[in-house]
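Residue strings, one per chain:
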Amino acid sequence: MTVRHEGVELRWLGYATARLEAPDGTVVYTDPGRYGTLDGTWAERYGGADHPNGAAYDARDGDVVLVTHDHHYDDDGVRRVAGEDATVVVYESVDTEAIADHSGRDVAAPEDLPYDVERVAYGDTVSAAGVSVTAVPAYNHEDGPRAGPDGEVAHPRGFGCGFRFVVGGLPTLWTGDSDVVPEQEDLDVSLLLPSIARSFTMNRHDAAGLAETLEPNLVVPIHYNTFPDLRADSSAFAADVAKRAVPVALDEGWY
């Protein structure tokens, strides 16, 4: 399904991958790939949830590709979405050697791909293809519900980021893998793309509260129902957000 908002067309392609296209044809992707979401194997590997899935995706039409952290970096996914002249905006700490050590995934470094690559730190703003992109802190609270007994979290501060970006004049926030954090709360956002995946990020209740705080013109959740640990009740989330007088849409399934 395609969600249309203020002239921008949005599709959730699975996991943390969203595609946004401005009226002038500029295309932005968030965190492309992983878990079979772009190579056509998600349904046979997982399935059974309200999550986009379908044939392999290989559009290669992206002008800007955003990568938030190690868990979401997939060089094959980048190749499937990036156009020939794409700019790949990568959080500074994405480390392919660490990815290989921790997960066994052997991936090419962003700088080895045939695209322009911009590394960004918290607060950095870059412009590519007319799209302004700012790296926003994203992390789990060490004393929060995603923390272990010793305060260990999957996403410590400095490990990854979210992105506030403006495409087609539309200020958009993709939260990345994060709890609700103070650095999000004063952002000017028209389109909010929160994770509602609960196990490693903010859950649906947290995300609904963030929507109420930011008062965007539309909320579309992504990054949920990919596999069991990421299950979320998206219908309950949508009802919660709507009760807070914030417009909300779900983009589930492959249409």
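Rules behind the numbers
- Residues numbered from 1 in each chain as written.
- Predicted model: local features only at pLDDT ≥ 70, side-chain atom pairs only at ≥ 80, totals over all residues.
- Heavy atoms only, no water.
- Helix = DSSP H or I, 4+ residues; strand = E, 2+ residues; numbered from the N terminus.
- Rg over C-alpha atoms; globule rule 2.2 N^0.38 Å.
- Buried < 20%, exposed > 50% of the residue type's maximum accessible area, 1.4 Å probe, protein only.
- Contact = heavy atoms within 4.5 Å.
- Pairing = 2+ DSSP bridges.
- Salt bridge = Lys/Arg side-chain N within 4 Å of Asp/Glu carboxyl O.

Asks: Any chance you could break down the overall build of the protein for me, citing the residues and the numbers?
Replies: Scanning the protein from terminus to terminus reveals 5 helices and 13 strands. Relative to the globule expectation of 18 Å for 255 residues, the C-alpha radius of gyration of the protein, 17 Å, shows essentially globular dimensions. The principal-axis extent of the C-alpha atoms belonging to the protein is close to 45 × 45 × 40 Å. Out of the 255 residues in the protein, the part that is buried amounts to 56%. For the protein, contacts bridging at least 24 residues in sequence account for 63% of all contacts bridging at least 6.

Asks: For the sheet that holds strand 13 (residues 218-219), give the residues involved together with the corresponding values.
Replies: The 6 strands are arranged 8-9-10-11-12-13 in an open sheet whose pairing can be described as mixed. Since the sheet does not close on itself, it has two edges, and those belong to strand 8 (125-128) and strand 13, each with one partner.

Asks: Outline the pattern of salt bridges, supporting the account with residue identities and numerical values.
Replies: This structure, assessed with the given rule, holds 13 salt bridges. The residue Asp76 makes a salt bridge to Arg80 at a minimum N-O spacing of 2.8 Å. Of this pair, Asp76 and Arg80 both sit in helix 2 (residues 75-81), 4 residues apart, which is roughly one turn of that helix. Overall, Asp76 belongs to the partly exposed group, its relative accessible area being 33%. For the salt bridge of Arg157 with Glu183, the shortest nitrogen-to-oxygen distance reads 2.8 Å. One end of the pair, Arg157, is in the loop between strand 9 (131-138) and strand 10 (160-167); the other, Glu183, is in the loop between strand 11 (170-174) and strand 12 (191-193), with 26 residues separating them in the sequence. Overall, the relative accessible area of 27% leaves Glu183 in the partly exposed class.

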